[in-house]
Amino acid sequence: MSDSVVVAGAVCDGGRLLAARRSAPPELAGRWELPGGKQEPGESGEQALVRELREELGVEAVPRERIPGEWPLKPGLVLRVWTVRLVSGVPSPLEDHDELRWLTPDETDTVDWLDQDRPAVAEAVRRLREA
Ligand code: CDP
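From a predicted model like this one, the values you see are computed outputs, not experimental measurements.

Asks: Provide a residue-level description of the overall build of the protein chain, including the pertinent values.
Replies: The number of helices and strands found in the protein chain is two helices and seven strands. Across the protein chain, helices and strands are ordered from the amino to the carboxyl terminus as β-β-β-β-α-β-β-β-α. A globule of 131 residues ought to have a C-alpha radius of gyration of about 14 Å, and the protein chain, at 13 Å, matches this closely. The principal-axis extent of the C-alpha atoms belonging to the protein chain is close to 40 × 30 × 30 Å. For the protein chain, with 131 residues in total, the buried portion stands at 44%. Taking contacts inside the protein chain between residues at least 6 apart in sequence as the whole, the part at least 24 apart equals 67%.

What follows is the structure in structure tokens.
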């Protein structure tokens, strides 16, 4: 059986990366992540990501590029990440998060990212610096 997938977005706008602070579950609350969630049966990764960002942040967004690689979350579950461009809306923490922050490349180490998100965050920041 293939692994289940959690999709997440490195949402970039104006040279900054969006970080979201989890409000649940207790063991993850207070840690920062790239917003996203589980890909459901019948959805592509990109479709799942657009849906999750709509539900969690209230924005319309377009996945740009998959960041190469995938990162294990637990047995049978992996994380995949795309860079994302905002099309409309201002992100607000509607679901799963209690704070959002736009970080410049120099500020990305100021929040406590989930360990499994760190490689993709580093790659997204590298791309932001090159842009
Ligand atoms: O809301 P949904 O159940 O679809 O997904 P979620 O609770 O946001 O995420 C499912 C799992 O993926 C959780 O265990 C999160 O910790 C993990 N996750 C992650 O490690 N990194 C992310 N950027 C997003 C989710």
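Asks: Pulling in residues and values, what's your account of helix H2 (residues 118-130)?
Replies: The end-to-end C-alpha distance of H2, which contains 13 residues, comes to 18 Å, matching closely the 18 Å that a straight helix rising 1.5 Å per residue would cover. Of the positions making up H2, those classed as buried are Ala120, Val121, Glu123, Ala124, Val125, Arg127 and Leu128. Those residues of H2 hidden inside the fold are in contact with strand S1 (4-13), strand S2 (16-22), strand S5 (60-74) and strand S6 (77-88).

Asks: So what's going on with the site of the ligand? Residues and values would help.
Replies: Lining the immediate surroundings of the ligand are 16 residues, of which Leu28, Leu34, Lys38, Gln116 and Asp117 lie closest. For the ligand, a nitrogen atom lies 2.7 Å from a polar atom in the backbone of Leu34. Backbone polar atom of Lys38 to an oxygen atom of the ligand: 2.8 Å apart, as the coordinates give it. Burial of the ligand by the surrounding chains reaches 79%, relative to a free accessible area of 520 Å². Most atoms of the ligand, that is more than half of them, are within 2 Å of grid points of the largest pocket. Counting only elements with at least two residues in the shell around the ligand, the list comes to S1 and strand S4 (36-38). In terms of residue count, S4 provides more of the shell around the ligand than any other element does, three residues in total. A breakdown of the residues in the shell around the ligand according to their chemical character gives seven nonpolar, three polar and six charged.

Asks: An account of unusual backbone geometry is requested, with residue identities and associated values reported.
Replies: A cis amide bond links Ala24 with the next residue in sequence, Pro25, at an omega value of -15°. Mapped onto the fold, Pro25 is located in the loop between S2 and strand S3 (32-33). Located in the positive-phi region is Asp96, a residue other than glycine, with phi close to 75°. Structurally, Asp96 is set in the loop between S6 and strand S7 (97-103).

Asks: So what's going on with the pattern of salt bridges? Which residues, and what values?
Replies: A complete count under the given rule lists 19 salt bridges for this structure. The salt bridge partner of Arg21 is Asp98, with a shortest N-O separation of 2.8 Å. Taken together, the residues span a long stretch of sequence, with Arg21 in strand S2 and Asp98 in strand S7 at a distance of 77 residues. Note on Asp98: relative accessible area 41%, which makes it partly exposed. Its salt-bridge partner being Arg126, residue Glu123 comes within 2.7 Å of it at the nearest N-O pair. Placement of the pair is Glu123 and Arg126 together in helix H2, with a separation of three residues, close to one helical turn.

Conventions and cut-offs
Residues numbered from 1 in each chain as written. Predicted model: local features only at pLDDT ≥ 70, side-chain atom pairs only at ≥ 80, totals over all residues. Heavy atoms only, no water. Helix = DSSP H or I, 4+ residues; strand = E, 2+ residues; numbered from the N terminus. Rg over C-alpha atoms; globule rule 2.2 N^0.38 Å. Buried < 20%, exposed > 50% of the residue type's maximum accessible area, 1.4 Å probe, protein only. Contact = heavy atoms within 4.5 Å. Expected span 1.5 Å × (residues − 1). Near = heavy atom within 4 Å. Polar contact = N/O pair within 3.5 Å; in protein donor to acceptor, adjacent residues only side chain to side chain. Areas by Shrake-Rupley, 256 points an atom, 1.4 Å probe, with all protein chains shown as cover. 1 Å grid on protein atoms, 1.4 Å probe; cavity = no way out; pocket = protein on both sides within 12 Å on 5 of 7 lines; lining within 4 Å. Sits in = over half its atoms within 2 Å of the grid points. Nonpolar A, V, L, I, M, F, W, Y, C, P; charged D, E, K, R; others polar. Salt bridge = Lys/Arg side-chain N within 4 Å of Asp/Glu carboxyl O.

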